[in-house]
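The residues making up each chain are set out below.
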Amino acid sequence: MIKKILAIETSCDDTSVAVVQCQGDEVFAPVEVMSLVSANQDLVHKVFGGVVPEIASRNHTMYLLPLLTNALEQAGLQPKDIQGIAVTSRPGLIGSLLIGVMTAKTLAINLDIPYIGINHLEAHLLAPFLNDSEHKVSQKINDGYVALAVSGGHTQIYDVKAFGKYHVLGKTKDDAAGEAFDKFAKMVGLGFPGGPLVDKTSVGGNSKAYEFARPLLHDGSFDFSFSGLKSSAMRLLDSLPSDEIQKNLKDLCASYQEAVVDVLLHKLNMAVQATGRKTVVITGGVSANSRLRQRAEHWAHEQKLNLLIPPPRYCTDNAAMVGIAGIYRLRNGESSGQDMKPQANSLPNDFEAASR
Ligand code: KG4
Ligand code: ZN
């Protein structure tokens, strides 16, 4: 059975390669990260205030091959020891995806091993099952779970019924939560990427100092909207003298962050009540947010829920999570053909649509 694979992630601006090994035969078996190496392009895109697709793609071509060599070296393996390859093939920036997919196809032919294209969002949903020397998967999950996937491109709530059966309960109607953080950071002059900067600046700030909109909070759906929050922030900032913005930056960031976290946790709580699930996963870049983690832990404790939030290194984009989805699928005998193409969007069968 396939146990040890190489994984590649190039869907946006992070180039990442991992070697992972499955530690059991059961569904959601823990997966050990033997190596994970990534190259971050934040500094390159910072001057533009966001990711420039052409530049991201060009940098992947530069970083990917050295990272592949590093990942194998750090795992103490030769290419011949690898039994399969997983690569993010959707959704994402097409020029970025192309670099990872073409590399995976070429390696698969040369090493004569199977490879598989993975949905980036499925990879985020499975991140809690990654094990390494500093982080052990704390509990076995045999049943389903509710998952909140919050990143720079996506904000969705899923009922994960089983491996491969992902029912979308709700999603954002406009901006993603990470985008809401990034845009706010830009408005107050903090820079890019905004989420970690807003998080850091909020420490010690008063989260009740300013009132921001919480769109769709009481609409009864599991959907989100963050563009209204962004507009309310813009209106508030326009009404403030610029020295007040800089003077009260901690309070502004803490109040804005609280509004995002309020909405995320309110909808997540609704999803748990509706499904009756006892296990909850929060994943994606925004799950690195310290206030979200703190309040989610408090909420889960009160509601007697098992809460799984991967360590921050597995929350933001990384190849190890792609490796989990890959190994679960490759060991089931699934693989992709050489005719597989990267896709900007998810495929119709990747997720079950909301039935409402
Ligand atoms: O999952 P990810 O690495 O890439 C995407 O697939 O989008 O998520 C990146 C997003 C960015 O919007 C970034 O600002 C946000 O996650 N993010 C955070 C934090 N760390 C990363 N947002 C809030 N607080 C953080 N600590
Ligand atoms: Zn992501």
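Heads up: the structure comes first, above all this text.
About the cut-offs
- Residues numbered from 1 in each chain as written.
- Chains lettered and ligands numbered in written order.
- Predicted model: local features only at pLDDT ≥ 70, side-chain atom pairs only at ≥ 80, totals over all residues.
- Heavy atoms only, no water.
- Helix = DSSP H or I, 4+ residues; strand = E, 2+ residues; numbered from the N terminus.
- Buried < 20%, exposed > 50% of the residue type's maximum accessible area, 1.4 Å probe, protein only.
- Contact = heavy atoms within 4.5 Å.
- Areas by Shrake-Rupley, 256 points an atom, 1.4 Å probe, with all protein chains shown as cover.
- Axes fitted to C-alpha atoms, helices over the stretch in contact; angles between N-to-C directions.
- Parallel < 35°, antiparallel > 145°, perpendicular 65-115°, else oblique.
- Salt bridge = Lys/Arg side-chain N within 4 Å of Asp/Glu carboxyl O.
- Near = heavy atom within 4 Å.
- Polar contact = N/O pair within 3.5 Å; in protein donor to acceptor, adjacent residues only side chain to side chain.
- 1 Å grid on protein atoms, 1.4 Å probe; cavity = no way out; pocket = protein on both sides within 12 Å on 5 of 7 lines; lining within 4 Å.
- Sits in = over half its atoms within 2 Å of the grid points.
- Core = buried A, V, L, I, M, F, W, Y, C linked by side-chain atoms within 4.5 Å.

Enquirer: Would you take a moment to explain the overall build of the protein for this structure?
Expert: Counting its secondary structure elements, the protein contains 12 helices and 11 strands. Here the C-alpha coordinates of the protein stretch approximately 65 × 45 × 35 Å along the principal axes. For the protein, the residues scored as buried account for 55% of the 356 residues in total. For the protein, the proportion of contacts with a sequence separation of at least 24, taken over those separated by at least 6, is 76%. When the accessible surface of the protein is totalled, it reaches about 15,100 Å², and 52% of it is carbon and sulfur.

Enquirer: What is the right way to look at the packing of helix α5 (residues 177-187) against helix α9 (residues 249-275) in this model?
Expert: Two numbers describe a pair of packed helices, the interaxial angle and the distance between the axes. Where α5 contacts α9, the axes come no closer than 11 Å and their chain directions differ by 170 degrees. By the angle class used here, α5 and α9 are roughly antiparallel. Of α9, the residues touching α5 (which contributes Ala177, Ala180, Phe181 and Phe184) are Leu252, Cys253, Tyr256, Gln257, Val260 and Leu264.

Enquirer: Can you help me understand the pattern of salt bridges in this one?
Expert: Think of it this way: side chains of opposite charge can pair up when their charged atoms draw near. Considering all chains together, one arrives at 20 salt bridges under this definition. Between Glu179 and Lys183 there is a salt bridge whose closest N-O contact spans 3.5 Å. Taken as a pair, Glu179 and Lys183 lie in helix α5 at a separation of 4 residues, close to a single helical turn. Looking at Glu179, the relative accessible area reads 25%, which means it is partly exposed. The class of Lys183 is partly exposed, set by a relative accessible area of 28%. Linking Arg214 and Glu211 is a salt bridge whose minimum nitrogen-to-oxygen distance equals 3.9 Å. Residue Arg214 is classed as partly exposed on the basis of its relative accessible area of 23%. Given a relative accessible area of 67%, Glu211 falls into the exposed group.

Enquirer: Mind showing me how you'd approach the site of ligand 1 here?
Expert: With respect to spatial proximity, 17 residues lie near ligand 1, and among them Gly152, Asp182, Gly195, Asp199 and Asp317 are the closest. A distance of 2.8 Å is found between an oxygen atom of ligand 1 and a backbone nitrogen or oxygen belonging to Gly152. In isolation ligand 1 has 550 Å² of accessible area, and contact with the protein removes 88% of it. Among the detected pockets, ligand 1 sits in the largest pocket.

Enquirer: I keep staring at the nonpolar core and nothing clicks. Help me out?
Expert: General note: in soluble globular proteins, nonpolar side chains tend to be found buried as a group. The biggest cluster of nonpolar side chains holds 48 residues, and the ones touching the most others in it are Phe184, Phe212, Leu252, Leu264 and Ile282. Of all the secondary structure elements, the ones that give two or more residues to this core are β7 (145-150), α5, α7 (227-239), α9, β10 (279-283) and α10 (290-303). A total of 13 residues in this core trace back to one element, the largest contributor, which is α9. Not counting residues within four places of it along the chain, the set of residues in contact with Ile282 comprises Leu148, Val150, Leu268, Ser287, Leu292, Ala296, Leu307, Leu308, Ile309 and Pro310. Counting residues in hydrophobic clusters, the runner-up holds 42 residues, among them Ile2, Ile118, Phe129 and Val281.

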